[in-house]
Amino acid sequence: SAVISQKPSRDICQRGTSLTIQCQVDSQVTMMFWYRQQPGQSLTLIATANQGSEATYESGFVIDKFPISRPNLTFSTLTVSNMSPEDSSIYLCSVEDHGGNTEAFFGQGTRLTVV
Amino acid sequence: TQLLEQSPQFLSIQEGENLTVYCNSSSVFSSLQWYRQEPGEGPVLLVTVVTGGEVKKLKRLTFQFGDARKDSSLHITAAQPGDTGLYLCAGGTQTGANNLFFGTGTRLTVIP
């Protein structure tokens with residue numbers, strides 16, 4: 001298992017501004033994943049963050065809107081840029097344990113409200 | 001994209017009742033996980049099943065993986081208010097960078 005610390009846990013932001021979310025893992029991992037969870041819904045993968053290369057974005061998500069950094073094997077950031085109320089969601093950082101079966105471990109999430 | 005449909009989407013029951021949540025797909029998965037998410041927290045892994053037909057029990061929770069490894073069910077006996085949360089199934093594959101596909105979710109409320 002992995003212990004994942006994510007911050008901030010919540011924030012209220014003005015539209016047009018940007019917020020950077022940090023994710024720290026207690027062990028080295030090759031890939032880190034960023035998900036969005038809109039109110040009352042399941043998880044949607046935004047992108048996969050690889051150390052030493054650009055993040056891989058899923059359909060509907062672009063680097064200009066959600067730039068990601070991955071400076072080392074234990075840390076990643078996700079920035080939500082030029083925010084609008086539609087960006088109000090929970091953003092979750094995750095790592096996967098591929099030892100045998102794929103199992104995911106999550107941070108506690110960042111609850112973002114854009115006003 | 002492997003799609004996992006969960007049913008029901010919402011479920012509200014009285015304490016002590018039994019319930020079953022279903023997770024269905026047209027895709028075959030190498031493993032199937034169930035997660036529970038409580039407000040203000042990330043999802044937490046409950047169980048992993050890997051063999052078609054496999055049944056696992058975790059106290060009052062019983063998990064089953066379909067014979068064809070396309071579907072799964074979660075049965076809760078004598079539900080308690082502490083079982084309240086969002087239940088997510090997730091199918092695992094062995095190919096590609098993203099190996100986990102999450103279901104649509106079931107929000108359970110157990111009323112004392």
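What counts, and where the lines are drawn
Residues numbered from 1 in each chain as written. Chains lettered and ligands numbered in written order. Predicted model: local features only at pLDDT ≥ 70, side-chain atom pairs only at ≥ 80, totals over all residues. Heavy atoms only, no water. Pairing = 2+ DSSP bridges. Helix = DSSP H or I, 4+ residues; strand = E, 2+ residues; numbered from the N terminus. Axes fitted to C-alpha atoms, helices over the stretch in contact; angles between N-to-C directions. pLDDT = per-residue confidence, 0-100. Contact = heavy atoms within 4.5 Å. Buried area = accessible area lost by both parts, 1.4 Å probe. Salt bridge = Lys/Arg side-chain N within 4 Å of Asp/Glu carboxyl O. Polar contact = N/O pair within 3.5 Å; in protein donor to acceptor, adjacent residues only side chain to side chain. Phe/Tyr/Trp six-rings, centres within 6.5 Å; stacked < 30°, edge-to-face > 60°.

With respect to the sheet that holds strand β8 (residues 75-80) of chain A
Residue and element names in this part refer to chain A.
Logical step 1: The 4 strands are arranged β1-β3-β8-β7 in an open sheet whose pairing can be described as antiparallel. Of all the strands in the sheet, just β1 (4-7) and β7 (68-72) have a single pairing partner and so form its edges. Within the sheet, the average angular offset between the axes of one strand and its neighbour, ignoring direction, is 15°.
Logical step 2: Sheet topology note: the β7/β8 ladder contains 3 bridges and is antiparallel. Residue pairing in the sheet places Ile 68 in a bridge with Leu 78 of β8.

A few points about the sheet that holds strand β8 (residues 71-76) of chain B
Residues and elements named next belong to chain B.
Logical step 1: Spatially, the 5 strands line up as an open sheet ordered β1-β3-β8-β7-β6, and their pairing is antiparallel. The open sheet has two edge strands, β1 (5-7) and β6 (55-58), and neither has a second partner. Ignoring strand direction, the axes of neighbouring strands in this sheet form an average angle of 15°.
Logical step 2: In this structure, β6 lies alongside strand β7 (residues 61-65), joined through 4 bridges in antiparallel fashion.

Considerations on the confidence of the model for chain B
Logical step 1: Of the residues in chain B, 94% reach a pLDDT of 70 or more, and the chain-wide mean stands at 92.
Logical step 2: Mean pLDDT in chain B bottoms out at strand β10 (residues 100-102) of chain B, which sits at 89, and peaks at strand β3 (residues 19-24) of chain B, which reaches 98.

Remarks on unusual backbone geometry
Logical step 1: Lys 7 of chain A connects to Pro 8 of chain A through a cis peptide bond whose omega is 0°.
Logical step 2: Tracing the sequence through the fold places Pro 8 of chain A in the loop between β1 and β2 (10-13).
Logical step 3: In this chain, Ser 7 of chain B is followed by Pro 8 of chain B through a cis amide linkage whose omega measures -5°.
Logical step 4: Backbone geometry places Asn 82 of chain A, a non-glycine residue, at a positive phi of 45°.

Some words on the interface of chain B and chain A
Logical step 1: Tallying the contact residues gives 24 residues for chain B and 20 residues for chain A.
Logical step 2: For the chain B and chain A pair, buried surface summed over both sides reaches about 1600 Å², with 51% attributable to carbon and sulfur atoms.
Logical step 3: Scanning the region where chain B abuts chain A turns up 0 salt bridges.
Logical step 4: Our count for the chain B to chain A interface comes out at 4 residue pairs in polar contact (both at pLDDT 80 or more).
Logical step 5: Residue assignment for the side of chain B that touches chain A shows that the elements contributing at least two residues are β4 (31-37), β5 (44-49), β9 (85-92) and β10 of chain B.
Logical step 6: For the side of chain B that touches chain A, the element with the most residues is β4 of chain B, which contributes 4 residues.

Concerning the packing of aromatic side chains
Logical step 1: Enumeration over the complete set of coordinates arrives at 7 aromatic pairs over all chains.
Logical step 2: An angle of 65° between the planes, with centres 5.6 Å apart, marks the rings of Phe 61 of chain A and Phe 66 of chain A as edge-to-face.
Logical step 3: Both rings, one in Tyr 35 of chain B and one in Phe 102 of chain B, keep their centres 5.5 Å apart while their planes meet at 50°; by these two values the pair is tilted. Here Tyr 35 of chain B, found in strand β4, pairs with Phe 102 of chain B, found in strand β10; they are 67 residues apart in sequence, far enough to count as distant.
Logical step 4: Chaining the aromatic ring pairs together yields one cluster made of Tyr 35 and Phe 106 of chain A together with Tyr 35 and Phe 102 of chain B.

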